[in-house]
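Here are the chains, one letter per residue:
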Amino acid sequence: MTLRIRVQGDLAHLSSTDGAFDRVPCLTTVVEVRGGLLHGDPTGPAALPDADIDDVDAASAWLADVYGPETADAVIRGVHGATIIEPGDQTVIDAVLRLARLSWTRAWWPAGARVPAVDPVLLAAEIALASHAVEHLLDDDLATERALADAAGIASALAALPPALAAEGERLLSALTALSEDYGVALDPAEATAADAAQVRQEWALAAGGARDASDGIEVASGSAAVRWGDVPAQTVDAEAEARWTLRQSAGVATLRVEVPAVDAPSSGRTLAARFGPAELGVDVALRRDGALFRGQAEVPASALFLPAGERLLWVRDPVLSPADADAPDSAADRERLLSVAAARMLSPDASLAERAAGSSR
């Protein structure tokens, strides 16, 4: 693989293409490093990541490790058009590519009917080990500690692995235990495993079976809308299902109800937000996890009942992750491609343990 250096003012780009970094976010792996970003394509093998560097001085500490000393020198001197000949340390490169893939899985895994969810604790354990291997590159000085904290319940996650993956799980636990001791991060004891998981599943099942009140007025209008994957955290809502809305009228009061299928996992207490119609209408609904759905309702002005069909739009988002106004929806082709990538990852021998474990649950 050949990467070319392009210099634009104070910015340096190392890329295998002549164009700008304009990949689709859900189909891009990203690692935030000191002084820039490393990014690539999750759909196939890569020899080296591309890079966008906005602080060459900060990036100079690791450039040679990934791209080799000659390339590092060319970037530092701002040599436009130079071509990378010899890459850097292959161990570092492999670790960067592994972390990029794991971070992509955490951010974009399209859990739903076709693709089972990955275990976030198992994934965090692998991210912790990968982050530690390249922490001198990373922009976040606490990346390894944060991942270790997220992986504290690793014993429960490993207990759910199928027998074919158990030996690999034990090796992961051994490495993670040693790393947690080095960083002073405590892992949960092994006793809190299957019984706790069974209790959580039972509580979720009871919540999912809750009854709804049928005496809720007359349905005036209804519809559905796709949830943009970039507007909600991965593995929060069913990646292949749509949000549904209904406008109902009872005793002169108009009510909007919104339901979004959730990923089949215990509730994290996360609240989503839904906006209906044009912004000036001011209809916003908080959606809270209720069994298998995120649900919410709100009274709306009578004018909402008479909105033209083209203005009956629903936008569902995480208000922290996506606070801005909505723009163009996801491409159907990009969504299908991402689903295909995830489905293939579950069967790939070079996939993460978390991805392969998800595949074994189908």
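The structure presented is a predicted model; accordingly, all values stated were derived computationally and were not measured.

**Section: the packing of aromatic side chains**
Phase 1: Under the defined criterion, the tally for this structure stands at 1 aromatic pair.
Phase 2: Centre to centre, the rings of Trp 245 and Phe 276 are 4.8 Å apart; their planes meet at 55 degrees, and the pair counts as tilted. A residue pair is termed long-range when its members are at least 10 positions apart, and Trp 245 in strand β7 (residues 242–250) and Phe 276 in strand β9 (residues 271–276) qualify at 31 residues.
Phase 3: Take Phe 276: its relative accessible area is 0%, and that puts it in the buried class.
Phase 4: Over the ring of Phe 294 we find Arg 289, and its NZ or CZ is 5.8 Å from the ring centre.
Phase 5: Seen from the ring of Trp 315, Arg 317 lies directly overhead, with NZ or CZ sitting 4.6 Å from the centre.

**A short note on the sheet that holds strand β3 (residues 29–33)**
Phase 1: Pairing is antiparallel in the open sheet, where 5 strands are placed in the order β1-β2-β5-β4-β3. What marks the edges here is a single partner per strand, and that holds for β1 (4–8) and β3. Going across the sheet, the axis of each strand differs from the next one's by a mean of 15 degrees, ignoring polarity.
Phase 2: The pairing of β1 with strand β2 (residues 11–15) spans 5 bridges and is antiparallel. The partner of Val 7 across the bridge, within β2, is Ala 12.
Phase 3: Of the strands in this sheet, β3 and β4 (36–40) touch helix α4 (residues 90–108), which is tilted by about 115 degrees from β3.

**A few points about the confidence of the model for the protein**
Phase 1: Here the protein averages 85 in pLDDT, and 86% of its residues register 70 or above.
Phase 2: Contacts for the low-pLDDT stretch residues 192–215, under 50 throughout, to residues beyond four places or in other chains number 18 contacts.

**Examining helix α8 (residues 163–183)**
Phase 1: For α8, which comprises 21 residues, the first-to-last C-alpha distance of 30 Å matches the rise-based estimate of 30 Å (1.5 Å per residue) to within 8%.
Phase 2: Those residues of α8 not exposed but buried are Leu 165, Gly 169, Leu 172, Leu 176, Leu 179 and Ser 180.
Phase 3: Those residues of α8 hidden inside the fold are in contact with α5 (120–133), α6 (143–150), α7 (154–159) and α11 (353–360).
Phase 4: Just downstream of α8, Gly 184 is the residue with a positive phi angle, here 70 degrees.

**Section: the layout of surface pockets**
Phase 1: When its volume is computed, the second largest pocket comes out at roughly 780 Å³.
Phase 2: Around the second largest pocket, the lining comprises 35 residues; the ones closest to its centre are Leu 97, Arg 98, Arg 101, Arg 345 and Asp 350.
Phase 3: Looking at the lining of the second largest pocket element by element, the count peaks at 7 residues for α4.
Phase 4: Along the lines of polarity and charge, the residues of the lining of the second largest pocket split into 17 nonpolar, 7 polar and 11 charged.

Cut-offs used in this document
Counting of residues starts from 1 at the beginning of each chain's written sequence and follows it residue by residue. In keeping with the predicted nature of the model, local features appear solely for residues at pLDDT of at least 70, side-chain atom pairs appear and are counted solely at 80 or more, and the whole-chain, interface and lining totals rest on all residues. Neither water nor hydrogens contribute to the side-chain values; these are computed over all heavy atoms in the structure. Aromatic rings from Phe, Tyr and Trp, with only the six-membered ring used for Trp, were paired whenever their centres fell within 6.5 Å, and each pair was classed as stacked if the ring planes differed by under 30 degrees, edge-to-face if by over 60, and tilted otherwise. Helix numbers and strand numbers start at the N terminus; a helix is a DSSP run of H or I with at least 4 residues, a strand a run of E with at least 2. Accessible area is worked out with a 1.4 Å probe on protein chains only. A residue is then buried under 20% of its type maximum, exposed over 50%, and partly exposed in between. Geometrically, a charge over a ring is one whose NZ (Lys) or CZ (Arg) sits within 6 Å of the ring centre while staying within 35 degrees of the ring normal. Any two strands with at least two DSSP-identified bridges between them are counted as paired. Axis lines are fitted through C-alpha atoms, for helices just across the contact stretch, and the angle between N-to-C directions can take any value from 0 to 180 degrees. Whether two residues are in contact is decided by their heavy atoms: any pair within 4.5 Å suffices. The predictor's confidence in any single residue is recorded as pLDDT, a number from 0 to 100. Helices are assigned an expected span. That span is 1.5 Å times one less than the residue count. Detection works on a 1 Å grid of protein atoms alone, calling trapped sets that fit a 1.4 Å probe cavities and calling open sets with protein on both sides within 12 Å along at least five of seven lines pockets, with lining residues defined by an atom within 4 Å of a point. Grid points are joined across faces, edges and corners, and a volume is the space filled by probe spheres set on the points. Each residue is assigned to one class: nonpolar for Ala, Val, Leu, Ile, Met, Phe, Trp, Tyr, Cys and Pro, charged for Asp, Glu, Lys and Arg, and polar for all the others, Gly among them.

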